Amino acid sequence: MVARSTLLFLSRHEGLKDFATHFKPFRKMTSRFVAGEDIETTIGAIRELNRIGCTATFDHLNESVTSREETEAEVREYKRILERIDETGIRSNVSIKLTQFGLSIDPELAYRNARAVVEEAARRRNFVRIDMEDSAVTQATLDIFRRLRSEFDLDTVGIVVQSYLRRTRDDVLDLLEIPARIRLCKGAYNEPPEVAFPDKKDVDENYVRCMKLLLKSGVYHGIATHDERMIEATEAFARAEGIGREQFEFQMLYGVRRDLQEGLAREGYNVRVYVPYGKTWYPYFMRRLAERPANLTFFLRQLVSR
Ligand SMILES: Cc1cc2nc3c(=O)[nH]c(=O)nc-3n(C[C@H](O)[C@H](O)[C@H](O)COP(=O)(O)OP(=O)(O)OC[C@H]3O[C@@H](n4cnc5c(N)ncnc54)[C@H](O)[C@@H]3O)c2cc1C
């Protein structure tokens, strides 16, 4: 079986990214995790999620952008998404990545671009979640988030933390001081052991520890996981502490554990699904394969049986 680290290594391979993006048969295979190539198709997917009682977060796939023009195109794309959310009335906010807005070129550029999107969201009373990328940009991402949070209110911009990082519990405590709306996830990148817990057991323990801090804070946070043990721990803690189901939301990825998404929504939990679209799907798709390497067999079979 191909290891998680190999798939994550390949996810950063620029040559493979170019090849995969232009190889048409791959596009069909990715449809399990990627809603489509354009905004309108994605709106259709979100309507369907809304119908089963889930909300969404709209994400345009692109990361590690290296040209200023491309970062500006991303801002235009997100403004268009926010406009279409308003026009169609779908229940969705948006998620962005700062490397999509130029973080690897110049942090000031990323801040200005992200600010333009957050300002548009504020105008439309919507919400922007800043995804967390690999540990090389954790501090820069938090710094830009803090800057934006000082200009916009709690319900306009939020951030993500990853329980595999050793620093995360301290980050959660600092962020709650502001306060901030936080999405808690386990973390999806290849990280060295000095930075991230190498053992799943420690990642999960830290997840539960952080989840408890979030739930007790009185702020509306996102508990992002498909791990039934993490979900059960959250449900049990909320019950024991008398925290109502409306005070937080579960979050999951498009195409992963749809049964769980629907089941939790039916039980009266708030469930938000992360719905990505776009042509630059390769790194995102590879991270999804890495989370469950058994997925690879399924995709290779699909490719062979074409
Ligand atoms: C809404 C949302 C937003 C996220 N945002 C970020 C972010 O900003 N930064 C970041 O680093 N990571 C992000 N992630 C990814 C996250 O860090 C994990 O890599 C991912 O969620 C898998 O972890 P898990 O909690 O589901 O638990 P795991 O222990 O990895 O998985 C638990 C179970 O869930 C199922 N499962 C999990 N992943 C898959 C998959 N890809 N395919 C099929 N089944 C699967 C399997 O049944 C597995 O046994 C996000 C995840 C979600 C749900």
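See the structure above.
Rules and cut-offs
- Residues numbered from 1 in each chain as written.
- Predicted model: local features only at pLDDT ≥ 70, side-chain atom pairs only at ≥ 80, totals over all residues.
- Heavy atoms only, no water.
- Salt bridge = Lys/Arg side-chain N within 4 Å of Asp/Glu carboxyl O.
- Helix = DSSP H or I, 4+ residues; strand = E, 2+ residues; numbered from the N terminus.
- Buried < 20%, exposed > 50% of the residue type's maximum accessible area, 1.4 Å probe, protein only.
- Near = heavy atom within 4 Å.
- Polar contact = N/O pair within 3.5 Å; in protein donor to acceptor, adjacent residues only side chain to side chain.
- Areas by Shrake-Rupley, 256 points an atom, 1.4 Å probe, with all protein chains shown as cover.
- Phe/Tyr/Trp six-rings, centres within 6.5 Å; stacked < 30°, edge-to-face > 60°.
- Lys NZ or Arg CZ within 6 Å of the ring centre and 35° of its normal.
- Pairing = 2+ DSSP bridges.
- Right-handed = clockwise from strand over helix to strand, strands pointing away.

Caption draft 1: Layout of the pattern of salt bridges. Enumeration according to the criterion identifies 32 salt bridges in this entry. In this structure, Glu40 and Arg84 form a salt bridge, with 2.8 Å as the shortest nitrogen-oxygen distance. Residue Glu40 is found in helix α4 (residues 39-51), and its partner Arg84 is found in helix α5 (residues 68-88); the two are separated by 44 residues along the sequence. When the shortest N-O distance is used, the salt bridge between Asp227 and Arg229 registers 3.3 Å. Judged by relative accessible area, which is 47%, Arg229 ranks as partly exposed.

Caption draft 2: Structural detail: the environment of Arg292. For Arg292, the position within the fold is in the loop between α12 (282-291) and α13 (294-304). Separated by 266 residues in sequence, Arg292 and Phe26 have C-alpha atoms that sit 18 Å apart.

Caption draft 3: Structural detail: the site of the ligand. If you check the shell around the ligand, you find 26 residues, and the closest are Met132, Gly187, Lys200, Thr225 and Glu291. Thr225 places a side-chain nitrogen or oxygen 2.6 Å from an oxygen atom of the ligand. One of the backbone N or O atoms of Arg288 is found 3.0 Å from a nitrogen atom in the ligand. About the coverage of the ligand: the protein hides 87% of its 940 Å² of free accessible area. Residue assignment for the shell around the ligand shows that the elements contributing at least two residues are β4 (157-162), β5 (182-185), β7 (248-253) and α12.

Caption draft 4: Structural context of the packing of aromatic side chains. All chains considered together, the criterion is met by nine aromatic pairs. Where Phe248 meets Phe250, the ring centres are 5.5 Å apart and the plane angle is 90 degrees; that geometry is what we call edge-to-face. Overall, the relative accessible area of 0% leaves Phe250 in the buried class. Ring centres of Tyr274 and Tyr284 lie 6.2 Å apart, and the angle between their planes is 5 degrees; on these two criteria the pair is classed as stacked. With Tyr274 in strand β8 (residues 270-277) and Tyr284 in helix α12, this pair connects stretches of sequence that are 10 residues apart. Tyr284 matches Tyr274 in its accessibility class, with the two residues each being buried. Positioned above the aromatic ring of Phe127, the side-chain terminus of Arg181 is 4.0 Å from the ring centre.

Caption draft 5: How the structure looks around the pairing of β7. Burial runs high along β7: six of the six residues are buried. Here β7 shows a buried face lined by Phe248, Phe250 and Met252 and a second buried face lined by Glu249, Gln251 and Leu253. Pairing of strand β6 (residues 221-224) with β7, which is carried by four bridges, proceeds in the parallel orientation. Residue pairing across strands places Ile223 opposite Phe250, the latter belonging to β7. Bridge count between β7 and β8: five bridges; the pairing is parallel. Pairing of Met252 across the sheet is with Val273, part of β8. After leaving β7, the chain enters helix α11 (residues 258-266) and then returns to the sheet as β8, a path that is right-handed.

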